[in-house]
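Structural overview for review
Next come the chains, spelled out residue by residue.
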Amino acid sequence: MTYIAKPRLHHPKLPTNALGYTHRDYEGAVSTLCAGCGHDSISAAIIQACFELSLPPHKIAKLSGIGCSSKTPTYFLGKSHGFNSVHGRMPSVLTGANLANRDLVYLGISGDGDSASIGLGQFAHCLRRAVNMVYVVENNGVYGLTKGQFSATADKGSKVRRGPVNTDSPIDLVALALQLGASFVGRSFSGDKRQLVPLIKAAIEHRGAAFIDVISPCVAFNNNPESTKSFDYVRAHNEAVNRLDVILERDEITADYAPGTVETVTQHDGSMLRLHKLAPDYDPHDRISAMAYLQQRHAEGEVVTGLLFVEPDSDDLHALSGTVEIPLNSLDEAELCPGPAALVQFNAAHR
Amino acid sequence: MDGLSRLSIESVNDFVIKFANVNGSGSASANALFAKSVLRMGIPASSRNIFPSNIQGLPTWYEVRICEKGHLGRRGGVDIMVAMNPQTWDEDLAEIEPGGYLFYDSTKPLPPSKFRDDITVIGAPLTTICNREYNDARQRQLFKNIIYLGALSALLNMDVAAIEQLISEQFRGRDTLIRPNLRALNLGREWALNEHECPIGLRLERVDKVGDQIFITGNDAAALGAVYGGATVCAWYPITPSSSLAEAFSNHCRRYRADPETKKKRYAIIQAEDELSSIGMVVGAAWNGARAFTATSGPGISLMQEFIGLAYFAEIPAVIFDVQRGSPSTGMPTRTQQADILSCAFASHGDTKHVLLFPEDPRESFLFAAEAFDLADRLQTPVFVMLDLDIGMNDWLVAPLAWDENRRYDRGKLMTAEQLDAGVEFGRYLDVDGDGIPYRTLPGTHPTRGAFFTRGTTKDRYARYSEEGPDYVDNMQRLLRKFDTAKRLVPRPIKRVARESTRYGAIYFGSTSPAMAEALEALEERGIHLDTLRVRAYPFHEDVFDFVAGHDRVFVVEQNRDAQLRTLLAIDGEIDPARLVPILHYDGTPITARFIVKAIGDILDVVTLAPLRRALP
């Protein structure tokens, strides 16, 4: 499949962004996932978000673990370096990469098996560490690449075709991310590009650990009507708490809104998040009430989506550990090696 | 005692003293003070901590070998035991050589059955002195250690000025502690001078045999080597005996790696949640162009297997310090071994082979640590620096650390934006130079060229996804060529030719060095001559196989049960294993010259005697 090259020709009037790139410049190889897979919609949303933000593609690093979701970085941002790493261990590889060069945008792409099952430990610890990244879980509740086994986000009581019933409680990654200290938490649906694209844009502009749980139905193994990860279920139970526009510093603010319906949040880099409140009493700055709200709605069978929590002026791992402003991988020998003179003193202290 | 004194060991500047203490009693600093005082008298010495997996209450020992001739491997046997731990009294007593000495706290009387009649017993009422002099319980405990040091200083004829000088240096900046320590020292010294004949048969006399050597642990030196080698990212998980390497790196970085103006850090250290995460961070950082390392021990290596394999196939320069120990679980982990050779050489799934470096002491730990980063960048592969607990956690007397001012880092084959602009062809896994080493680009190098997707094995020369057999084979063959290139880049083995020509050789590596040097001398005195080769790296240099080919039989001396280096030699050199005679020491203590002499001597004596025996009717 990947040998089929996408034609590079495109319509001459395709819109370009501030860098003069069209969205085609953010595409990758042709997807080899199943037709109708939710993951491909997420890839498209990532392409759209990076295009709209006018990010230089080579200043983005995309990292993933193993699984259907982790294959997707091949299908977007073909001019970015990518790393298909170890099952469940993308967070550590991303953390290391981020330590080496703080100047790139880090996209961590994972799935529910990769993050909630085998990788739950690394998922938790990279959020705790406030690694500056966008961590996307393409959540379908099932292992696709190994043909339909349950993941740790699978519904209790769900059934594998001709197989066993899942009796384990599902893990809610959003609830965990909130508890673990992620400074940006969102949930969306692969079928709702209007919601997902601004969410990804806001997460990229955010400094710190940004986590987005994207319900992404698996058309091959888990799109049955009873599944809470199916198209039909999410469409019927999607309760968005807000709508989001991301406005960069350079953009002109034009629209007027009725007072009380819109809140503008300014992040550390000057980008503004314009939040259109859909649930009037939902406060995305209050971690504890957000957690309670989510639990209540979850118990009622609702899938709460939107920007669920944001700490606009959060610090990241580099700020917290006091590293130099320039990337560590750009330090030269003179800055790294103490040289022979320092050894004289060192030796003297060991006699 | 008088009747026995004739049998007492008499030795100047050549004996073993062992301190038997209780863990957490504060004895470590007093014991280290003793060892350093010996060095300040110009007498070579080495020290070894033998400690339990415990913070307080269990037995711990500190052994100091003093040897003017400079043999500083563990010798075996004890000439004077400082028995401060009632729990281990019986075994401590049994370890003393006939004619040796026992120094103990005589406050509580012990029945005569608790002693031996072939040793000199020196009972000092340490607790009585402490109770008389101090009211505070902690002070009574801590100063007891300094008091026995004071007593030993008189009994062994130590230069008290050297000890006093060290105490002042140790407490510099906390000057109020100097005087009480000096007083405690003198309390012990006075007791010995008044109550015992000083010095005893074991004596120290000032010589000038230490020179400019330094006293340092391998972990400390290796961590400094990582600083000098340009490491900027360290991710680690605590595990004995490697934790002090990461901690030392942190200390050295605070001193050498702060931006002079902003005071910000030119390094990042992460204590990860486990070893999987620490190696993952190292792989990520190295992929992104930082020099990165982790420090661990055997169980950590086990946990890192999958990532090590990925780093091999994805060709990522990761540096791994393995401070080897007895494994697994707790207990033997505080003892030394060289038992991770095979698990590191072949770490991970699939066909993998890795570069290993074997430093012999802290000085080489410093050098090889720095070298490992050049090798990893040059070869784009994981490089293991194989220390062990004996090197890593014990203070060794070694030549001062040195750094060549003209030395420059070898960052390997990194393709730059300029090269890409100039139209140089980039294929991530393309063997352009015929040495098996491809070029790599770092993320962010060029806006439109040189980006690639990193995967394990499913790829072609241009890093495109491929599951084709020929692509896989092509890549694996290139990795073999790369490993062959490694042979020419790693530290060469060191050969020593015996004084008389011989059919026998011995191969050894790592912390076996000092014991081996001493064993060779002793064997020579018995008329047994051996050529030796110290292996310093894997893959093996051709010299190693030439050495084996040049001898009828080669002893392979190592500190593990399964003759792991011998296995590796036999596999790689396609050598008949019968020609490689294993000499194996693996009880968790450092190998001794006595052990090597006996093991090799026994075999060669049999060989020599065999024809005679056959001739008999």
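Residues numbered from 1 in each chain as written. Chains lettered and ligands numbered in written order. Predicted model: local features only at pLDDT ≥ 70, side-chain atom pairs only at ≥ 80, totals over all residues. Heavy atoms only, no water.

Taken residue by residue, the interface counts 69 residues in chain B and 60 residues in chain A. At the boundary of chain B with chain A, total buried surface from both sides reaches about 5400 Å², with 61% on carbon and sulfur atoms. Summed over the shared surface of chain B and chain A, the result is three salt bridges. The residue Arg408 of chain B makes a salt bridge to Glu333 of chain A at a minimum N-O spacing of 3.8 Å. Between chain B and chain A we count 24 residue pairs in polar contact (both at pLDDT 80 or more) in total. Listed by contribution, the elements that provide at least two residues to the side of chain B that touches chain A are helix 1 (27–40), strand 9 (214–217), helix 7 (218–228), helix 8 (243–256), strand 11 (268–271), helix 9 (275–287), helix 11 (305–314) and strand 17 (453–454) of chain B. The greatest single-element share of the side of chain B that touches chain A, amounting to eight residues, is contributed by helix 9 of chain B. Of the residues contributing to the side of chain B that touches chain A, the split by class is 34 nonpolar, 18 polar and 17 charged. (Contact = heavy atoms within 4.5 Å. Buried area = accessible area lost by both parts, 1.4 Å probe. Salt bridge = Lys/Arg side-chain N within 4 Å of Asp/Glu carboxyl O. Polar contact = N/O pair within 3.5 Å; in protein donor to acceptor, adjacent residues only side chain to side chain. Helix = DSSP H or I, 4+ residues; strand = E, 2+ residues; numbered from the N terminus. Nonpolar A, V, L, I, M, F, W, Y, C, P; charged D, E, K, R; others polar.)

What follows deals with the nonpolar core. Counting 148 residues, the largest nonpolar core has Phe211 of chain A together with Phe293, Phe321, Leu357 and Ile507 of chain B as its most contacted members. When residues of this core are assigned to their parent elements, the largest contribution, nine residues, is made by helix 13 (residues 362–379) of chain B. What Phe293 of chain B contacts, discounting residues up to four positions off in sequence, is Ala226, Ala231, Val233, Cys234, Ala235, Leu245, Phe249, Val282, Val319, Phe321 and Phe373 of chain B. One finds Ile129, Leu152, Met158 and Val210 of chain B within the second-largest nonpolar core, a separate group that totals 56 residues. (Core = buried A, V, L, I, M, F, W, Y, C linked by side-chain atoms within 4.5 Å. Buried < 20%, exposed > 50% of the residue type's maximum accessible area, 1.4 Å probe, protein only.)

All names here are of chain B. One can describe the packing of helix 1 onto helix 4 (residues 137–155) by two numbers: an axis separation of 8 Å at closest approach and a directional angle of 20°. It follows that helix 1 is roughly parallel to helix 4 by the angle criterion. In this structure, helix 1 meets helix 4 at a crossing whose hand is right-handed. Of the residues in helix 4, those touching helix 1 at Ser27, Ala30, Asn31, Leu33 and Phe34 are Asn145, Ile146, Tyr148 and Leu149. (Axes fitted to C-alpha atoms, helices over the stretch in contact; angles between N-to-C directions. Parallel < 35°, antiparallel > 145°, perpendicular 65-115°, else oblique. Left-handed = near helix turned anticlockwise from the far one by under 90°.)

Before going further, it helps to examine helix 19 (residues 564–573) of chain B. Residues and elements named next belong to chain B. All of the buried residues in helix 19 are Gln564, Leu565, Leu568, Leu569 and Ala570. On its buried face, helix 19 is in contact with helix 12 (341–345), strand 19 (504–508), strand 21 (537–538), helix 18 (542–549), strand 22 (553–558) and strand 23 (580–584). Directly beyond the C-terminal end of helix 19, a positive phi value near 45° is found at Glu574.

For the rest of this paragraph, the subject is the sheet that holds strand 12 (residues 292–296) of chain B. Residues and elements named next belong to chain B. Read from one edge to the other, the open sheet built from seven strands follows the order 11-10-12-13-15-14-21, with strand pairing classed as mixed. If you trace the sheet from one side to the other, it starts and ends with strand 11 and strand 21, each paired once. With two bridges connecting them, strand 14 (residues 355–357) and strand 21 associate as antiparallel partners. When the bridges of strand 21 are listed, Leu357 appears paired with Ala537. (Pairing = 2+ DSSP bridges.)

Residues and elements named next belong to chain B. Inspection of every chain in the model, using the stated rule, returns 28 aromatic pairs over all chains. Ring plane angle 70° and centroid distance 5.3 Å describe the contact between Trp89 and Tyr104, whose orientation is recorded as edge-to-face. With a gap of 15 residues between them, Trp89 in helix 2 (residues 89–95) and Tyr104 in strand 6 (residues 96–105) connect regions that are remote in the sequence. Trp89 gets classed as buried once you look at its relative accessible area, which sits at 8%. Judged by relative accessible area, which is 10%, Tyr104 ranks as buried. Taken together, a centroid distance of 6.2 Å and an interplanar angle of 70° make the contact between Phe366 and Trp403 edge-to-face. One end of the pair, Phe366, is in helix 13; the other, Trp403, is in the loop between strand 16 (395–398) and helix 15 (417–421), and 37 residues separate them in sequence. The class for Phe366 is buried, based on a relative accessible area of 0%. Pairwise contacts between aromatic rings join Phe19, Phe34, Tyr62 and Tyr148 into one cluster. (Phe/Tyr/Trp six-rings, centres within 6.5 Å; stacked < 30°, edge-to-face > 60°.)

Much of the literature gives interface size as the accessible area that the parts lose upon coming together. Residue and element names in this part refer to chain B. Looking at the assigned domains, one finds that chain B contains domain 1 (2–203), domain 2 (216–398), domain 3 (417–489) and domain 4 (494–615). The C-alpha-based centres of domain 1 and domain 2 are spaced at 35 Å. At the junction of the two partners, domain 1 supplies twelve residues and domain 2 supplies twelve residues. Considering only the surface of domain 1 that becomes buried against domain 2, Arg48, Phe51 and Ser53 emerge as the three largest contributors, covering 51% of it. Between the two partners, domain 1 and domain 2, sit one salt bridge. Between Arg48 and Asp390 there is a salt bridge whose closest N-O contact spans 3.0 Å. Ranked by residues supplied to the side of domain 1 that touches domain 2, first place goes to strand 3 (residues 45–50) with six residues. Classifying every residue of the side of domain 1 that touches domain 2 by side-chain character gives seven nonpolar, four polar and one charged. (Domains from an automatic or database assignment.)

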